[in-house]
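# A look at the structure
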Amino acid sequence: MQEPQDIPCPICRSAQPAFDAINQKINQAKTPSEKAPFAQELIQKVGTVLDEHQTSGSVLTEGCRTLLDLRRQTAELILKFRK
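Keep in mind it's a predicted model, so treat the numbers as computed, not measured.

This next bit is on the pattern of salt bridges. This model, assessed by the stated rule, comprises 4 salt bridges. Residue E62 is joined to R65 by a salt bridge in which the shortest nitrogen-to-oxygen separation is 2.6 Å. Of the two residues, E62 and R65 both sit in helix 3 (residues 59-81), 3 residues apart, roughly one turn of that helix. By relative accessible area, E62 is classed as partly exposed at 39%.

Dropping the structure here:
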């Protein structure tokens with residue numbers, strides 16, 4: 001198994017523990033309805049971190065935005081299944 005890679009972006013690196021905690025809550029919840037509040041929390045956290053990336057247009061920032069968008073899409077998918 002590979003060693004975890006350091007996250008080069010300082011914004012994403014500092015947000016990673018929060019993302020890990022939210023993902024753990026989502027993974028431990030059994031039903032989409034139980035996962036929904038944590039999915040909302042994930043969407044809010046993604047929004048906050050995206051706002052912090054507005055100041056730079058670097059390749060790293062674009063990579064971060066892509067990853068954050070995938071996190072948001074995953075959370076939105078969980079919300080769709082709750083209904």
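Okay, the packing of aromatic side chains next. The full count for this structure, using the stated rule, is 0 aromatic pairs. Here R71 stacks its cationic end above the ring of F19, 4.1 Å away from the centre of that ring.

Attention shifts here to the environment of T61. As for its placement among the helices and strands, T61 is situated in helix 3. Since its relative accessible area comes to 7%, T61 is described here as buried. Spatially, the C-alpha atoms of T61 and L50 are 9.4 Å apart, while their sequence positions differ by 11 residues. In this structure the side chain of T61 is engaged in a polar contact, spanning 3.1 Å, whose partner is the side chain of S58.

For the rest of this paragraph, the subject is the packing of helix 1 (residues 10-28) against helix 3. At their nearest, the axes of helix 1 and helix 3 sit 13 Å apart, and the two run at 20° to each other. In terms of orientation, helix 1 lies roughly parallel with respect to helix 3. Here helix 1 runs over helix 3; the crossing is left-handed. Contacts from C12, Q16, F19, N23 and I26 in helix 1 reach C64, L68, R71 and I78 in helix 3. Within the contact of helix 1 with helix 3, the residues separate by chemical class into 6 nonpolar, 2 polar and 1 charged.

Rules and cut-offs
- Residues numbered from 1 in each chain as written.
- Predicted model: local features only at pLDDT ≥ 70, side-chain atom pairs only at ≥ 80, totals over all residues.
- Heavy atoms only, no water.
- Salt bridge = Lys/Arg side-chain N within 4 Å of Asp/Glu carboxyl O.
- Helix = DSSP H or I, 4+ residues; strand = E, 2+ residues; numbered from the N terminus.
- Buried < 20%, exposed > 50% of the residue type's maximum accessible area, 1.4 Å probe, protein only.
- Phe/Tyr/Trp six-rings, centres within 6.5 Å; stacked < 30°, edge-to-face > 60°.
- Lys NZ or Arg CZ within 6 Å of the ring centre and 35° of its normal.
- Polar contact = N/O pair within 3.5 Å; in protein donor to acceptor, adjacent residues only side chain to side chain.
- Axes fitted to C-alpha atoms, helices over the stretch in contact; angles between N-to-C directions.
- Parallel < 35°, antiparallel > 145°, perpendicular 65-115°, else oblique.
- Left-handed = near helix turned anticlockwise from the far one by under 90°.
- Contact = heavy atoms within 4.5 Å.
- Nonpolar A, V, L, I, M, F, W, Y, C, P; charged D, E, K, R; others polar.

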